Amino acid sequence: MTSTFQDGLNTNAVIRPNLAEGFTEILGADTVKAVPLDLAPGAIRQFRPDLVVAVGSIVPDASDLRGLRRAADGVGAELALWLTDDPYEFDYAFKAELTADIIFSNDSWAVHHYRHGNVHHLPLAASRTRHFRALVPVAEREHVVFFCGVAYPNRVALIRRADALLSRHPVAILGADWPSDIRCAANRRLSPAEMADHAAGARLTLNIGRDLDIANRRFALPPATPGPRTFEVALAGSAQLYFATGLEICDLFEPGREILLVDGVADIARAIEQALDDPAAIQAVAARAQARALREHTYAQRAARILALCRSTAAMERVSERPRLAVAGR
C-alpha cells in the first residue's frame with residue numbers, strides 16, 4: 001500500500017498508517033511494507049508484492065500514478081486504489097479508471113458513477129490503536145457537547161442556530177475558521193489523539209458532515225456514506241448526535257440504540273436534556289456504538305475486505321493466500 005500523492009500535501013495522511021495497522025493485524029508485520037509515493041516504484045521492484053494498495057486523493061497533478069502502474073506491472077502485482085475523498089473530487093475519477101485494476105470508493109453513491117469494471121464501496125473506519133478509549137462514566141465527563149471540525153457553511157449555519165443553547169452548557173466546539181460571533185466556538189485544531197480524548201470526555205459528540213466540493217461539477221454527487229469521524233467517535237466511547245442527511249447511517253449504526261439522529265436545534269436540546277437527566281441511557285448508547293465499531297468498523301475489517309475482493313479477481317487467483325503488500329509511510 002502507498003499514498004496516491006505526496007505526503008507533504010496530504011491532510012489525511014493518518015489514514016495510511018491506520019490501514020497499515022489493519023493489514024498487519026491480519027497478515028503479520030513481515031508481509032507489510034510501508035513507503036511514501038515517491039519511493040513506491042523502487043520499493044515495489046525490490047519487495048515484489050502481490051498487491052499494491054494506494055490510498056488517498058487523486059486530484060494533485062504531480063502524483064505519478066503512471067509510475068506506480070508501471071512498477072506494479074513490472075512485478076505482476078495487482079494495483080488497488082482506495083479513494084477517500086468521494087464524491088467531493090469525483091471529476092478526477094478518470095485517473096483511477098485509467099490506472100487501477102480495482103477501485104475502492106469511500107462513498108456508496110459515487111461507486112455507481114465510475115466507468116470501470118471492478119469498483120467497490122469501502123467506507124472509512126477507525127483505528128483500534130489511535131481512537132479506542134476506555135468508557136468513562138457519562139456523569140463524570142467534562143463537557144456536555146463536543147464537536148471539532150472546519151467551519152464549512154453547513155456547520156456554521158447549524159452551530160449559529162444552536163449557539164444560545166450550547167453557550168448555556170460546558171461545551172467544546174473547536175476547529176478552524178469559526179466566525180467570532182458564534183460564542184460557543186473556538187478556533188483550535190486537535191490532533192487525532194486529542195480528538196479521541198475530547199470525544200471520550202463528552203456526554204455527546206455532534207457529527208455534522210462536510211459540505212465543500214473540490215471538483216464535483218460533472219455529476220454534482222451528494223455524499224451518501226458517513227465520514228471517518230463517525231467511526232472514530234464511536235470507538236472513542238461517545239454517544240453521537242448525528243445530523244442526518246441520508247439513510248446509510250442506519251446500516252452502520254442502529255438509530256436510538258447506537259447513535260442519535262438529529263435534524264435541528266430542538267433535537268439537540270432534547271438530547272442534552274437526556275444526557276443531563278438520564279446519563280445511564282446515554283452511557284448505554286455509547287457502549288453499544290463502541291462495541292459495534294470494534295466488531296465492524298476498524299481498519300482491520302476494511303483491510304480484510306480489500307484482501308477478499310482482490311483475491312477474487314483473476315490476478316489474485318494465482319498468488320499466495322498471504323500476499324505481501326507495499327504500504328504507505330507512517
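Residues numbered from 1 in each chain as written. Predicted model: local features only at pLDDT ≥ 70, side-chain atom pairs only at ≥ 80, totals over all residues. Heavy atoms only, no water.

*Asks:* Teacher, can you tell me more about the packing of aromatic side chains here?
*Replies:* Aromatic ring pairs: the centre-centre distance and the angle between the two ring planes describe each pair. Inspection of every chain in the model, using the stated rule, returns five aromatic pairs. Here the guanidinium or amino end of Arg302 rests over the ring plane of Phe231, the centre of that ring lying 5.4 Å away. (Phe/Tyr/Trp six-rings, centres within 6.5 Å; stacked < 30°, edge-to-face > 60°. Lys NZ or Arg CZ within 6 Å of the ring centre and 35° of its normal.)

*Asks:* Looking at this structure, I do not really get the pairing of strand E7 (residues 143-150). What am I missing?
*Replies:* Looking along a regular strand, one sees side chains alternate from face to face of the sheet. Where burial is concerned, most of E7 is hidden: seven out of the eight residues are buried. For the crossover from E7 across helix H7 (residues 153-166) to strand E8 (residues 171-176), the handedness is right-handed. (Buried < 20%, exposed > 50% of the residue type's maximum accessible area, 1.4 Å probe, protein only. Helix = DSSP H or I, 4+ residues; strand = E, 2+ residues; numbered from the N terminus. Right-handed = clockwise from strand over helix to strand, strands pointing away.)

*Asks:* Whenever I open this one, the pattern of salt bridges confuses me. Can you help?
*Replies:* Note on pairing: side chains with opposite charge can pair once their charged atoms come close. Per the stated rule, a full pass over the model turns up 11 salt bridges. Taking the shortest distance from any N to any O, the salt bridge between Asp163 and Arg183 comes out at 3.8 Å. You can see Asp163 sitting in helix H7 and its partner Arg183 sitting in the loop between E8 and strand E9 (185-187), a full 20 residues away along the chain. Here Arg292 ties to Glu258 by a salt bridge, and the two come within 2.7 Å at their closest N and O atoms. You can see Arg292 sitting in helix H12 (residues 279-296) and its partner Glu258 sitting in the loop between helix H10 (249-252) and strand E12 (260-262), a full 34 residues away along the chain. With a relative accessible area of 9%, Glu258 lands in the buried category. When salt bridges with common partners are traced through the structure, they connect Arg69, Asp73 and Asp101 into a single cluster. (Salt bridge = Lys/Arg side-chain N within 4 Å of Asp/Glu carboxyl O.)

*Asks:* Mind showing me how you'd approach the side chain of Gln290 here?
*Replies:* Examined against the element boundaries, Gln290 turns out to sit in helix H12. Judged by relative accessible area, which is 7%, Gln290 ranks as buried. Apart from residues lying up to four places away in sequence, Gln290 is in contact with Phe132, Arg133, Leu135, Ala234, Leu235, Ala236 and Gly237. (Contact = heavy atoms within 4.5 Å.)

*Asks:* Explanation requested: the pairing of strand E4 (residues 78-83) in the structure shown.
*Replies:* The element E4 is largely enclosed, with a buried count of six among its six residues. Side-chain alternation along E4 places Glu78, Ala80 and Trp82 on one buried face and Leu79, Leu81 and Leu83 on a second face that is also buried. One ladder, built from six bridges, connects strand E3 (residues 51-56) with E4; its direction is parallel. Residue pairing in the sheet places Val52 in a bridge with Leu79 of E4. A crossover connection joins E3 to the parallel E4 through helix H3 (residues 65-75); in handedness this β-α-β unit is right-handed. Handedness of the crossover is the feature at issue here: the chain leaves E4, passes through helix H4 (residues 93-99), returns alongside strand E5 (residues 102-105), and the resulting connection is right-handed. (Pairing = 2+ DSSP bridges.)

*Asks:* Please clarify how the sheet that holds strand E10 (residues 202-207) should be interpreted in this entry.
*Replies:* The pairing of strands in a sheet happens through backbone hydrogen bonds and is either parallel or antiparallel. The strand order across the open sheet formed by six strands is E9-E8-E7-E10-E11-E12, and the pairing between neighbours is parallel. Pairing within the sheet leaves two strands with one partner each, and these edge strands are E9 and E12. Strand-to-strand twist of the sheet, defined as the mean angle between neighbouring strand axes without regard to direction, takes the value 25°. Bridge analysis of E10 against strand E11 (residues 239-243) gives four bridges, and the strand direction is parallel. Counted as the bridge partner of Asn207 is Tyr242 from E11. Sheet strands touched by H7: E7, E8, E10 and E11. Its angle to E7, the strand with the most contacts, is close to 160°. (Axes fitted to C-alpha atoms, helices over the stretch in contact; angles between N-to-C directions.)

*Asks:* Explain helix H9 (residues 228-236) to me, please; I cannot follow it from the model alone.
*Replies:* Counting along an α-helix, one turn takes 3.6 residues, and residues three or four places apart therefore face a common direction. For H9, the tally of buried residues reaches seven of nine residues, placing the bulk of the element in the interior. Listed as buried for H9 are Thr230, Phe231, Glu232, Val233, Ala234, Leu235 and Ala236. Positive phi shows up at Gly237, right after H9, with a value of about 95°.

*Asks:* Honestly, helix H11 (residues 265-277) in this entry has me stumped. Any pointers?
*Replies:* The end-to-end C-alpha distance of H11, which contains 13 residues, comes to 18 Å, matching closely the 18 Å that a straight helix rising 1.5 Å per residue would cover. Within H11, burial applies to Ile268, Ala271, Ile272 and Ala275. Down the axis of H11, the sector holding all buried residues measures 100°, keeping them to one side. Turned more than 90 degrees away from the buried face of H11 sit Arg270 and Asp277, all of them exposed. Buried residues along H11 sit in contact with E7, H7, E10, E11, E12 and H12. (Expected span 1.5 Å × (residues − 1). Arc of directions from axis to C-beta.)

*Asks:* When you look at the nonpolar core in this model, what are you seeing that I'm missing?
*Replies:* Side chains of a nonpolar character, in soluble globular proteins, are inclined to be buried together. The biggest cluster of nonpolar side chains holds 31 residues, and the ones touching the most others in it are Val145, Ile159, Leu166, Ile173, Trp178 and Leu204. Sorting the residues of this core by element identifies E7, H7, E8, E10, E11, E12, H11 and H12 as the ones contributing at least two each. Here the element with the most residues in this core is H7; it accounts for six residues. When sequence neighbours within four positions are dropped, the list of residues in contact with Ile159 reads Leu166, Ile173, Trp178, Ile182, Cys184, Leu206 and Ile208. Among the nonpolar cores identified, the runner-up in size contains 26 residues, and Ile58, Leu68, Ile103 and Ala110 belong to it. (Core = buried A, V, L, I, M, F, W, Y, C linked by side-chain atoms within 4.5 Å.)

*Asks:* Can you walk me through the environment of Leu260 in this structure?
*Replies:* Of note, Leu260 is situated in strand E12. Sequence separation between Leu260 and Ile282 is 22 residues, and the spatial gap between their C-alpha atoms is 9.5 Å. For Leu260, the contacting residues outside a window of four places in its chain are Leu204, Gln240, Leu241, Tyr242, Ile282 and Val285.

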